[in-house]
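# Coordinate inspection notes
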Amino acid sequence: MGSMHVLHVVGARPNFMKAAPVLSALARRGLRQTLVHTGQHYDANMSDVFFQQLELPAPDLNLEVGSGSHALQTAQVMMRFEDVVLSRRPDLVLVYGDVNSTIAATLVCAKLMVPVGHVEAGLRSFDRTMPEEINRLLTDQIADLLFTPSADGDENLLREGVAPGKIHLVGNVMIDTLVRFLPKATQQSGNAPSEPFALVTLHRPSNVDEGGMLKRIVDTLVTISRDVAVLFPVHPRTRQRISAFGVRIPDDGRMQLLEPMPYLQFLGVQRRATAVITDSGGIQEETTYLGVPCLTVRENTERPVTTTVGTNILVGEDMQRLESEVKRILAGKGKQGQVPPLWDGHAAERIADVVRSWEHRK
Ligand code: UD1
């Protein structure tokens, strides 16, 4: 009892807010834990500041894989993580989300026959051109414990032939972190402009890696900025593309390009935004919880409850639609929504309970 050793793997920005509450919940139960950072994200403002603000323990190990092609990045994680598993011998490895580090670590464990739990399992965009969709499908096929954030996840997994006994509907751990830090974040919303504003994030390859598409989106944001100020914290990938494609942004101050924001500042700004325009997965969920209208610049979403229950609308690549939906929001007719079931701040507690009973069943 209490001797079980759980090893967590995180690599990229959206993993950090998912792992934080699970580490806390398992710590409260006295389990031995190891935290491995693959180093997929390495900039201080993409990684370190999140560890500080989320009060995460410093990683026990950083594999320092850095950037590269998908094959290179995935392979580097696999090669370096294999040694870690062999030397640390965890009883269970927990992986998060859908990034390259997630599938790489899971595949290593499957081959070494070390059990894996996948937090945020079962999400599907049904779009295999998205690198994350491949990561989700493969991770869920070989993981042993599947923690789903919403019932659609369970349905997807069952349809793919996953044994029902592996699936645990626990709710959304990202919302655990939001609930915990919202009061603190609210104190930081001083960063937000006093006038109404739209908050923008973009980083999907499908939106930023093709010059024509990126230019169309940015031009539309410039048009929108005539009606409402635009705040745009820019992901490093997107910043590179904007400069490589020579995308021009007028410097009239209506659209502000900022560095990626720390967690608390971003949350503080998000809750005060009149509208959010994004292609992120996590932000579709956070806006739904906060009741802020969200316009998603994607043809599909692996988080359908944000559209059926929450405040999210998929505008796809239709830039006229993006413009008209912003107008609708500014006219006070934005989409209203509700908070999906089990997005209540206690998902990590439910994961910890499952891990505990799984330990006793072994
Ligand atoms: C990754 C995830 C994506 C997630 C996103 C959140 C995969 C396949 N993608 O995408 O699901 O939504 O993180 O941010 O795992 N870079 C830096 N500094 C960093 C990290 C990246 O400058 O700290 C630049 C590098 O030039 C790199 C590029 O961003 O080549 C892309 O980074 P990468 O980790 O490959 O994918 P993301 O686009 O960040």
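From a predicted model like this one, the values you see are computed outputs, not experimental measurements.

Conventions we followed
Residues numbered from 1 in each chain as written. Predicted model: local features only at pLDDT ≥ 70, side-chain atom pairs only at ≥ 80, totals over all residues. Heavy atoms only, no water. Helix = DSSP H or I, 4+ residues; strand = E, 2+ residues; numbered from the N terminus. Rg over C-alpha atoms; globule rule 2.2 N^0.38 Å. Buried < 20%, exposed > 50% of the residue type's maximum accessible area, 1.4 Å probe, protein only. Contact = heavy atoms within 4.5 Å. Axes fitted to C-alpha atoms, helices over the stretch in contact; angles between N-to-C directions. Parallel < 35°, antiparallel > 145°, perpendicular 65-115°, else oblique. Nonpolar A, V, L, I, M, F, W, Y, C, P; charged D, E, K, R; others polar. Near = heavy atom within 4 Å. Polar contact = N/O pair within 3.5 Å; in protein donor to acceptor, adjacent residues only side chain to side chain. Areas by Shrake-Rupley, 256 points an atom, 1.4 Å probe, with all protein chains shown as cover. 1 Å grid on protein atoms, 1.4 Å probe; cavity = no way out; pocket = protein on both sides within 12 Å on 5 of 7 lines; lining within 4 Å. Sits in = over half its atoms within 2 Å of the grid points. Phe/Tyr/Trp six-rings, centres within 6.5 Å; stacked < 30°, edge-to-face > 60°. Domains from an automatic or database assignment. Buried area = accessible area lost by both parts, 1.4 Å probe. Salt bridge = Lys/Arg side-chain N within 4 Å of Asp/Glu carboxyl O. Core = buried A, V, L, I, M, F, W, Y, C linked by side-chain atoms within 4.5 Å.

Let us now look at the overall build of the protein. Counting its regular elements, the protein contains 15 helices and 13 strands. Since a compact globule built from 362 residues should have a radius of gyration of about 21 Å, the 20 Å found for the protein is in line with a globular shape. Over its C-alpha atoms, taken along the principal directions, the protein stretches across nearly 60 × 40 × 40 Å. For the protein, buried positions account for 57% of its 362 residues.

Of note in this structure, R89 is not a glycine but carries a positive phi near 45°. Summarising the element assignment, R89 is placed in the loop between α3 (70-88) and β4 (92-96). Its identity is not glycine, yet E120 carries a phi of approximately 85°, on the positive side. Locating E120 in the fold gives a position in the loop between β5 (116-119) and α5 (131-142).

Moving on, we get to the environment of G153. Inspection of the secondary structure puts G153 in helix α6 (residues 151-159). Assessed through its relative accessible area of 0%, G153 is described here as buried. Sequence-distant contacts of G153, defined by excluding residues within four places in its chain, comprise A121, G122 and T148.

Moving on, we come to the packing of helix α7 (residues 173-187) against helix α11 (residues 263-272). At their nearest, the axes of α7 and α11 sit 9 Å apart, and the two run at 80° to each other. With respect to α11, the axis of α7 lies roughly perpendicular. Two secondary-structure elements touch here, α7 through T177, L178, F181, L182, K184, A185 and T186 and α11 through Y263, L264, L267, G268 and R271. Partitioned by chemical class, the residues of the contact of α7 with α11 number 7 nonpolar, 3 polar and 2 charged.

With that settled, consider the site of the ligand. Contacts to the ligand come from 20 residues, most closely from H41, N100, E132, H203 and R237. Residue H235 places a side-chain N or O atom 3.0 Å away from an oxygen atom belonging to the ligand. In isolation the ligand has 740 Å² of accessible area, and contact with the protein removes 89% of it. Judged by the proximity of its atoms to the pocket grid, the ligand belongs to the largest pocket.

Before going further, it helps to examine the side chain of Q53. Among the structural elements, Q53 can be located in helix α2 (residues 48-53). On the basis of relative accessible area, Q53 is assigned to the buried category, the value being 13%. Dropping the residues within four chain positions of it, Q53 is found in contact with F181, P262, Y263, L264 and Q265.

Between two aromatic rings, the relevant description is the distance of the centres plus the angle of the planes. Following the criterion strictly, the structure yields 3 aromatic pairs and no others. Between the aromatic rings of F181 and Y263, the centroid separation amounts to 6.2 Å while the plane-to-plane angle is 80°, which identifies the pairing as edge-to-face. Taken together, the residues F181 in helix α7 and Y263 in helix α11 connect sequence positions 82 residues apart. Neither residue differs from the other here; F181 and Y263 are each classed as buried. Grouped by ring-pair contacts, the aromatic residues F16, F50 and F51 constitute a single cluster.

Split into domains, the protein comes out as domain 1 (5-171 + 343-361) and domain 2 (189-330). Centre-to-centre, using C-alpha coordinates, domain 1 lies 27 Å away from domain 2. In this assembly, 22 residues from domain 1 lie in contact with 21 residues from domain 2. Carbon and sulfur atoms make up 59% of the surface buried where domain 1 meets domain 2, a total of about 1,800 Å² over both sides. Contact with domain 2 buries surface across domain 1, with N45, Q53 and W343 losing the most and accounting together for 32% of the total. In this assembly, domain 1 and domain 2 are joined by 3 salt bridges. Seen at the junction of domain 1 and domain 2, the total is 8 residue pairs in polar contact (both at pLDDT 80 or more). Of all the secondary-structure elements, those providing two or more residues to the side of domain 1 that touches domain 2 are α1 (13-28), α2 and α5. Of the residues assigned to the side of domain 1 that touches domain 2, the class counts are 8 nonpolar, 5 polar and 9 charged.

If you look at the biggest cluster of nonpolar residues, it comprises 56 residues, and the most contacted ones within it are L54, F147 and Y263. When residues in this core are grouped by element, the largest group, 8 residues, is from α1. Apart from residues lying up to four places away in sequence, Y263 is in contact with M17, F50, Q53, L54, T177, L178, F181 and E286. The next biggest cluster of nonpolar side chains, apart from the first, holds 28 residues, and it includes L214, L221, V234 and V315.

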